[in-house]
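Listed here are the chains, written in short residue letters.
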Amino acid sequence: MLPQTQNVESAAASAPIFERPTDSFLSQFARTNLEVFQRDRLALAGLIILTFFVLVAILAPVIAPYDPLQVIEEDGIWLSNEKPAPEYPLGTTNLGRDIFSQLVFGSRAALLVGFSAAIAVSVIGTVVGLLAGYYGGWVDTILMRLADIAFGIPFLPFIIVLAAFMEPNIWNVVIAMSLLLWRDTGRVIRSQVLVIKEQAFVSAARVSGASNLRIIFMYIAPSILPLSFLYGSLAIGWSILTEASVSFLGFGDPNVVSWGFMLQDAFNSQALSRGAFYWIIPPGVCIMLTVMAGFFIGRGYEEVLFPRLRRM
Amino acid sequence: MRRGLWLYIGGRLLQSLLVLWVVVTILFLLFRLAPGNPLTAYIDTTFGEEQQTALMARFGLDRPLHEQYLIYLGNLLRGDLGDSFRYGGTVVDQIMEVLPNTLYLTLTSLVAAYLVGVIGGIFMAARRGTRTEKVGIIFTLMTRAAPEFWIGMILLAVFAFKLRWFPSSGTAAAGTIYSSEIEKLLSPDFWQHMILPTFTLALYLHGLPLLLMRSNMLEVMDQDFITMGRLAGYSERRLMIRHAARNALLPVMTALTLGVGYSIGGNVVIENVFAWPGLGRLLVRAVTTSDYPLAQGAFFIIAVIIVILNFFADVVYGLLDPRVGSSDQAKAS
Amino acid sequence: MMKWQRSYKPLLSVLVLAVVLLGLTSVAFAQSGAPVDPIVVLSNTQAEDPIEFETTRLLVENMRQLGLQVEHKAVPWAQYSDTVWFNRLETPEAEGGTGWQMTAWRMVARPERMDPDEFVFNLFHSSTAESGYNFVGYINPAYDALAEAQRGETNQDARREEIFQAQELIANDVPYIYVAHPSLPQLVRTDIWDPESIVDAQGIGIQNFWTWTGMTPLGDQKTIITNTGDDLISINPLYIAGDAPSRITELVWDRLMRIGADGLAQPWAAESVEWEDETNVIIKLRSGMMWHDGEPVTVDDVKFSFEVPNSGESPMYAPFTRRITNIEILDDSTLRFTLNEPWVAFEVASLAKVNLIPKHIWEPLITDLMTKEDNAEGLTIDQAPAIGSGPFKFVDWKEGETAILEANKEHFSPPKADGWVIKILPNQESALGQIQTGELNFLREWEGDSQVLQEVADADPNITLYASPDLGFRFFAFNLRFPPFDNVALRQAVAHVMPKDSIVKNIFKGFAVPADSYVSKAIDYWHDPNLPQYNFSIDEGRQVLTDAGFTWDAEGMLHYPAQ
């Protein structure tokens, strides 16, 4: 269930190479990112996949021939369970809806959930990690006990219960995920901050009278930012998978066509025994590709950050 | 050093209890804030006003919130999770009936996943830099990126419905009643029912140990004692299996401990796809039918298992890591 | 201070302008009334009930064409039933409260509903409006009079006339708009069971007591294996725990009468049932019956069984025995039941409904419960063993998996099968797969797409599809207590925009018949064939509104008639 591809412990044990942020924040940031995609072909593939789905999501109304919930009719008869044909490239659902159009619009839900959860998770996790690691003492104790608690709450059951009790709505799923998923990011970033704050350039800043907040956000944060990106990109995949599971179990937003919703619809409309693979396979493949894109990018960051692993 | 270790374990134990208490409180609040009449599932539409009031009293729902909370805590301490709204019997009985099924499924698939994962990880490390490794890693990432229920659906469509090699749901053929858990475990029919869900879960779970094992192996192989071994003329194979793998295995075992807890919570989807009568399915049904005591109880048991296993993982980590107990740099698991 | 004054002047002029504009608008629409309030239509979620969800979606789209501002809100069952049933008196959600205005709903078929009394009386009698089945709040003294009259009418044709009139009142007042009587499709493996032994009962289909006891095996497989999607809640003869548990209690516990395939009650555990007069019934108990634990069934047991519901320990069964004022034991095989008023449905709704339970097991339990807050409905099978006298004996129940019954070969009418097993398969795909592999041999419950069953039956000659129209019906209900649906013209207009035929054809895939009354066409003796019809036509709907004085504004939104 751990979302990361690599282990937290090993990541923490092999301290990444931190450099004093001599360049401006932006250029260093750009350099790291560039390095990730230059070095790692898989990361580049991940980036391309994500860009592709972003484009699909933006252009959905142009690409999709129908509204995702529109029923295709012919003389008052709904064209249900149609096999793929030029007018409906992936066939129709058992209630006469175009599967291809649903697939195209489903990318919106997936990316919306993926990116918003990823941003929430990495922002919360980063801030928690920075504060806990830098200040130590009671701040650290409280924040890390909160992380322990978040680790003690069963993830999927929590999301399900929350989604069922609040209005079934896509944002509630995002909120529920953000409430728990920051825990991994928070811990790892904290342990890195512990290492960085002992380094010379931080002491130097302290001696020169920089305020705590300035040190945290101007000196330390830029160094751990790639790490937040790592966890953010993993969270994209993790949250898309979770949304799909929640929708599949029937706790999803009934008005949003997501890939998880499509699979739930297919499952409950006996697509399996009909052998309607044109309905079952595409949404799963789309989920898999987007999630993998997140993993690939995450690995890219990992290999830049923990270069020892690169040697293989 | 030894004293430090005991202090560490004691501290962790206290922390686990604290975590459990907070989780329990969150759980209580979560379920009190649930919408609708908590008795909807229980009250038949033919019920009159006074019968509803009587029921509210029976389930203690007419008392102020803080009183309900204290009663709830007291009951938990006595191992009483209350009565199910729908089934009438105690929640503990309901859970005990399905818990073994969840454990069989989880443990079998974890064992399978970790066996394959560890061996696969060693293999990948041995083949570092080759095409095989690259393809293997991509395949492993695919299994982690594909929704479990989707894999389950495809396996069902192919192996249960099309080829009819395996049954599609439940733990037993119709009409089979096992007189005991032992008899169930000895029955070939039960294992036939286990195969598809176990395979699906194991396919998903094997990724973590595999990637972990691989990266640990690579790290260990770089260490001095292996280099020394190489210089001393030991074969690469012997070094990998006898020495490197042994050292790389320990963190994987910690991950396994944690994995049990997470899998029990995460089985929800698989149990629903394969209609496996376990804790996850119980939870989903309880939530959809507003059987709050039952849902709360199932959630609680899952949380307890997770917290206990997190504690064990910490202890194992503490036992293995010589730094723990000697410095306060001990890292949380 | 200065600053504030300066910024406050333009603000004031804007306000004045707004007031003037508002005034002008209201003058412009002086001849029309206020705009019709926004409406929220509730339905189950797509995941839980796709048919209801899709039907609602379709109707809501058409309602918008009437100039109504409508929102379709799909909510999970718990919240949904809570709102509709328990918040019926609350201000609707669209007005800021917790109540409702309009909702999709359904009534299911039960054997005792083969007599129309339950629907005629409970659904619309004013006495059930506050907390009973009349959740729409239909109050009409003329209707109450009819509902009461038919209940005591022993002349069947006269009663039919009253029931027709009742149906007409409802058809004109439109508290419901009907969608369809679904015909629930079922699959039977006719390579295992003799198709001749499957009984199709009017209005409830092949899934009935006579089928279960009569199903004759053709080969070695002699156990009926059927399915349910829901967990069994309870197996308790004093508790109605849903459809599947009711199938079990029906088989394990005998009743004095059983409802035949023709919908009429016929003697069962009673050898004879004779009416002395309008309120007194003489029951002669069949001799030689035994409980499953070997004890004989006595008249004391019968008397006890009918008295327990009135004790307050079985509220769910109380409505079936409430009108019994006295039960007198005449001799060791005869009893006299006395009613407080004539009740035509007594045989169907009481004698054929109440389970006979062994006094030696239940009396101590009931006595104990008398001193407690709990009632007998909460008893589990461990506390109250499932001992009946019926044609099947209870063997085991594995929660979430299966319940097993075996044939009671000593019964006066022993079943042809050796056993009856119900598998709990929440997953429709599994159920469908299992009927094809023979793991199931009677698919009694199907929540999925009916067309699939047709395809399966067409492809496999060993599987036969049965589907006969059902007593149950799906409909939309209005909360008559609140605007805008306190207005009958508006309700009639909405009835006109319900595309029944298209829904039956496309959403039900033909597995339903369009409904026009709460009395199903499946029981044609009681169904009024001359009810007013609301043909699907947006224009006719708008015409109804125009005739009632409704108007539309420039945006096409509907306004009430001027006061």
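Residues numbered from 1 in each chain as written. Chains lettered and ligands numbered in written order. Predicted model: local features only at pLDDT ≥ 70, side-chain atom pairs only at ≥ 80, totals over all residues. Heavy atoms only, no water.

A.B. asks: Please provide a residue-by-residue account of the overall build of chain C, values included.
C.D. replies: From N to C terminus, chain C includes 17 helices and 21 strands. Taken over the C-alpha atoms alone, chain C extends approximately 100 × 55 × 55 Å along its principal axes. Within chain C, buried positions represent 60% of all 563 residues. For chain C, the proportion of contacts with a sequence separation of at least 24, taken over those separated by at least 6, is 69%. Accessible surface computed for chain C: about 21400 Å², of which carbon and sulfur atoms make up 52%. Taking the average place of the 41 positive charges on the side chains of chain C and the average place of its 82 negative ones, the gap between the two points comes to 5 Å. (Helix = DSSP H or I, 4+ residues; strand = E, 2+ residues; numbered from the N terminus. Buried < 20%, exposed > 50% of the residue type's maximum accessible area, 1.4 Å probe, protein only. Contact = heavy atoms within 4.5 Å. Areas by Shrake-Rupley, 256 points an atom, 1.4 Å probe, with all protein chains shown as cover. Lys, Arg positive; Asp, Glu negative; His and termini not counted. Charge placed at Lys NZ, Arg CZ, Asp CG, Glu CD.)

A.B. asks: If you had to explain the interface of chain A and chain C to someone new, which residues and values would you point to?
C.D. replies: At the junction of the two partners, chain A supplies 26 residues and chain C supplies 25 residues. Scanning the region where chain A abuts chain C turns up three salt bridges. Counting the contacts that link chain A with chain C gives eight residue pairs in polar contact (both at pLDDT 80 or more). Contributing elements (two or more residues each) for the side of chain A that touches chain C: β2 (77–78), α11 (259–268) and α12 (271–274) of chain A. At six residues, α11(A) tops the list of elements feeding residues into the side of chain A that touches chain C. In terms of residue class, the side of chain A that touches chain C is made up of twelve nonpolar, ten polar and four charged. (Salt bridge = Lys/Arg side-chain N within 4 Å of Asp/Glu carboxyl O. Polar contact = N/O pair within 3.5 Å; in protein donor to acceptor, adjacent residues only side chain to side chain. Nonpolar A, V, L, I, M, F, W, Y, C, P; charged D, E, K, R; others polar.)

A.B. asks: Describe the packing of helix α7 (residues 155–165) of chain A against helix α8 (residues 170–196) of chain A, with residues and values.
C.D. replies: Residue and element names in this part refer to chain A. Close contact between α7 and α8 brings their axes to 9 Å; oriented N to C, the two are set at 155 degrees. Taken together, α7 and α8 sit at an angle that is classed as roughly antiparallel. Classified by chirality, the crossing of α8 by α7 is right-handed. The residues of α8 that touch α7, namely those facing Phe155, Phe158, Ile159, Leu162 and Ala163, are Val173, Ala176, Met177, Leu179, Leu180, Leu181 and Arg183. Residue classes in the contact of α7 with α8 are distributed as eleven nonpolar, no polar and one charged. (Axes fitted to C-alpha atoms, helices over the stretch in contact; angles between N-to-C directions. Parallel < 35°, antiparallel > 145°, perpendicular 65-115°, else oblique. Left-handed = near helix turned anticlockwise from the far one by under 90°.)

A.B. asks: Any chance you could break down the interface of chain A and chain B for me, citing the residues and the numbers?
C.D. replies: Counting residues at the interface gives 58 residues for chain A, matched by 65 residues for chain B. Both sides together, the interface formed by chain A and chain B hides about 5800 Å², and carbon and sulfur atoms give 76% of it. Our count for the chain A to chain B interface comes out at zero salt bridges. If you list the elements that add at least two residues to the side of chain A that touches chain B, you get α1 (8–13), α6 (137–152), α7, α8, α10 (212–248), α11 and α13 (277–305) of chain A. (Buried area = accessible area lost by both parts, 1.4 Å probe.)

A.B. asks: Please give an account of the pairing of strand β9 (residues 270–275) of chain C that cites residues and values.
C.D. replies: Residue and element names in this part refer to chain C. Note: β9 against strand β10 (residues 280–285), five bridges, orientation antiparallel. In the strand pairing of β10, Trp275 is matched with Val281. The antiparallel pairing of β9 with β10 creates a hairpin that spans four residues between the two strands. (Pairing = 2+ DSSP bridges.)

A.B. asks: For the confidence of the model for chain A, give the residues involved together with the corresponding values.
C.D. replies: Residues and elements named next belong to chain A. Per-residue confidence for chain A averages 82 on the pLDDT scale, and 88% of its residues sit at or above 70. The secondary-structure element of chain A with the lowest mean pLDDT is α1, recorded at 39, while helix α5 (residues 99–135) shows the highest, at 92. Every residue in residues 1–15 is under pLDDT 50, and counting partners more than four places away or in other chains gives 51 contacts. Scored below 50 in pLDDT, residues 308–312 shows 16 contacts in the model against residues more than four places distant or in partner chains. (pLDDT = per-residue confidence, 0-100.)

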